[in-house]
Amino acid sequence: MAEGCLFCSIIAGDVSADKVAETDEALAFRDIEPQAPTHVLVVPKVHSPTLTELAESHPDAAVAVLTLARAVAVDEKITDGYRLVCNNGAGAQQTVFHAHVHVLGGRPFTWPPG
Ligand code: AMP
Ligand code: ZN
């Protein structure tokens, strides 16, 4: 657990969240500011600032995040077209520096993203 990290606090149960799924290595909960009808964040239980750094330090946890993201998409019935977003760094609008994947679905998407 990293001191002052919001998502570590959610994992520890110190901050409440609308949890939708959980495994030994990852937790999924609804984003507090949803950008689509389904907007779930999937986070590893181990702290790492970004998903790509997590892949280097804890590859099993990175796979667990992606596996749980897929399970969430199945549960939410959005497998015909959903977007996984991973903002890496402040310049890409990352605001919480605990690795996470946004699972977005339930509406049409455009490309390129903004
Ligand atoms: P990012 O900008 O990629 O770092 O994404 C961080 C996300 O966390 C944003 O979409 C926020 O809306 C979301 N968020 C911030 N605080 C909370 C919270 N307490 N519970 C759920 N989601 C949150
Ligand atoms: Zn953390």
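So, how was this worked out
Residues numbered from 1 in each chain as written. Chains lettered and ligands numbered in written order. Predicted model: local features only at pLDDT ≥ 70, side-chain atom pairs only at ≥ 80, totals over all residues. Heavy atoms only, no water. Helix = DSSP H or I, 4+ residues; strand = E, 2+ residues; numbered from the N terminus. Rg over C-alpha atoms; globule rule 2.2 N^0.38 Å. Buried < 20%, exposed > 50% of the residue type's maximum accessible area, 1.4 Å probe, protein only. Near = heavy atom within 4 Å. Polar contact = N/O pair within 3.5 Å; in protein donor to acceptor, adjacent residues only side chain to side chain. Areas by Shrake-Rupley, 256 points an atom, 1.4 Å probe, with all protein chains shown as cover. 1 Å grid on protein atoms, 1.4 Å probe; cavity = no way out; pocket = protein on both sides within 12 Å on 5 of 7 lines; lining within 4 Å. Sits in = over half its atoms within 2 Å of the grid points. Core = buried A, V, L, I, M, F, W, Y, C linked by side-chain atoms within 4.5 Å. Contact = heavy atoms within 4.5 Å. Phe/Tyr/Trp six-rings, centres within 6.5 Å; stacked < 30°, edge-to-face > 60°. Donors = N, O, S within 2.8 Å, 3.2 Å for Na, K, Ca; no water. Tetrahedral: all angles 85-135°; square planar, octahedral: opposite > 155°, others 65-115°.

Let's talk about the overall build of the protein
Along the protein, the regular secondary structure elements total 3 helices and 5 strands. Helices and strands appear in the protein in the N-to-C order α-β-β-β-α-α-β-β. A globule of 114 residues ought to have a C-alpha radius of gyration of about 13 Å, and the protein, at 13 Å, matches this closely. For the C-alpha atoms alone, the extent of the protein along its principal axes is close to 40 × 30 × 25 Å. The buried share of the protein, taken over its 114 residues, is 39%.

Structural notes on the site of ligand 1
The environment of ligand 1 is formed by 15 residues, the closest being Asp-31, Asn-87, Gln-93, Thr-95 and His-102. In this structure, a nitrogen atom belonging to ligand 1 sits 3.2 Å away from a main-chain N or O atom of Ile-32. Out of a free accessible area of 510 Å², ligand 1 has 83% covered by protein chains. Applying the majority rule of atoms within 2 Å of the grid points places ligand 1 in the largest pocket. For the shell around ligand 1, the secondary structure elements donating two or more residues are helix 1 (6-12) and strand 2 (26-30).

Some details on the nonpolar core
One finds Ala-28, Val-42, Leu-54, Val-65, Val-72 and Val-103 to be the most contacted residues of the largest nonpolar core, which totals 18 residues. Only strand 2, strand 3 (38-44), helix 2 (51-57), helix 3 (59-75) and strand 5 (101-105) provide two or more residues apiece to this core. With 7 residues, helix 3 is the largest single contributor of residues to this core. Here Val-65 is in contact with Ala-26, Val-42, Val-43, Pro-44, Leu-51, Leu-54 and Val-101, once residues within four sequence places are set aside. Ala-2, Ile-10, Leu-41 and Val-96 belong to the second-largest nonpolar core, a separate cluster that totals 10 residues.

Some points on the packing of aromatic side chains
With the rule as written, the count across this model stands at 1 aromatic pair. Ring centres of Phe-7 and Phe-29 lie 5.4 Å apart, and the angle between their planes is 75°; this geometry places the pair in the edge-to-face category. In this pair, Phe-7 sits in helix 1 while Phe-29 sits in strand 2, placing the two residues 22 residues apart along the sequence. Side by side, Phe-7 and Phe-29 carry an identical accessibility label, which is buried.

A short note on the environment of Ala-17
For Ala-17, the location among the structural elements is in the loop between helix 1 and strand 1 (19-22). According to the relative accessible area criterion, Ala-17 is partly exposed, its value standing at 29%. Sequence-distant contacts of Ala-17, defined by excluding residues within four places in its chain, comprise Ile-10 and Phe-29.

Things to note about the coordination of the zinc ion (ligand 2)
For the zinc ion (ligand 2), every protein donor is listed as Cys-5 (SG), Cys-8 (SG), His-47 (ND1) and His-98 (ND1), and the spread of their distances is 2.1 to 2.3 Å. In this structure, the zinc ion (ligand 2) is coordinated by 4 donor atoms arranged in tetrahedral fashion, with angles at the metal of 103 to 115°. For the zinc ion (ligand 2), all donor residues lie on one chain, and their spacing in sequence is C-x2-C-x38-H-x50-H. Here the residue Cys-8 occupies a position in helix 1, and His-47 occupies one in the loop between strand 3 and helix 2, the gap between them amounting to 39 residues. Among the residues examined, Cys-8 registers a relative accessible area of 4% and is labelled buried. For His-47, a relative accessible area of 28% puts it in the partly exposed group.

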